[in-house]
Amino acid sequence: MREIRDTGKVVGLDRVAVMAALNLANELLRIREQESKVTTTAVARVRAARERAETALARHQQLEL
């Protein structure tokens, strides 16, 4: 709140508090979005590895027949 107040762009304690709350909410949303992207990427990589392993196992089983 001090940083916001010190910029001089926002006047009034209530407005500074609202601006600080909005900044915190925005930061939280950005962090969640980044985590979501990381999770999505990790899930995709695990899925691709599983599919490669299943394909390799299927080929191996066909060779045994």
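Conventions we followed
- Residues numbered from 1 in each chain as written.
- Predicted model: local features only at pLDDT ≥ 70, side-chain atom pairs only at ≥ 80, totals over all residues.
- Heavy atoms only, no water.
- Patch = residues over 30% accessible without salt bridge, like charges linked within 9 Å, V, L, I, M, F, W, Y side chains within 5 Å.
- Areas by Shrake-Rupley, 256 points an atom, 1.4 Å probe, with all protein chains shown as cover.
- Salt bridge = Lys/Arg side-chain N within 4 Å of Asp/Glu carboxyl O.
- Helix = DSSP H or I, 4+ residues; strand = E, 2+ residues; numbered from the N terminus.
- Buried < 20%, exposed > 50% of the residue type's maximum accessible area, 1.4 Å probe, protein only.

Participant: In this structure, what is going on with a nonpolar patch on the surface? I would like to understand it.
Facilitator: Together, V18, M19 and L22 make up an exposed nonpolar region whose accessible area comes to about 270 Å². Mapped onto the fold, M19 is located in helix 2 (residues 13-64). In this structure M19 comes out as partly exposed when scored by relative accessible area, which is 33%.

Participant: Explain the pattern of salt bridges to me, please; I cannot follow it from the model alone.
Facilitator: Evaluation of the coordinates by the stated rule reveals three salt bridges. Across the pair E33 and K37 runs a salt bridge, and its minimum N-O distance is 3.5 Å. On the criterion of helical spacing, the pair formed by E33 and K37 is a turn pair, its members being four residues apart in helix 2. Its relative accessible area of 46% is what places E33 among the partly exposed residues. According to the relative accessible area criterion, K37 is exposed, its value standing at 52%. Note that E54 is salt-bridged to R50, the shortest N-O span being 3.5 Å. Here E54 and its partner R50 are both found in helix 2, four residues apart, which amounts to about one turn of the helix.

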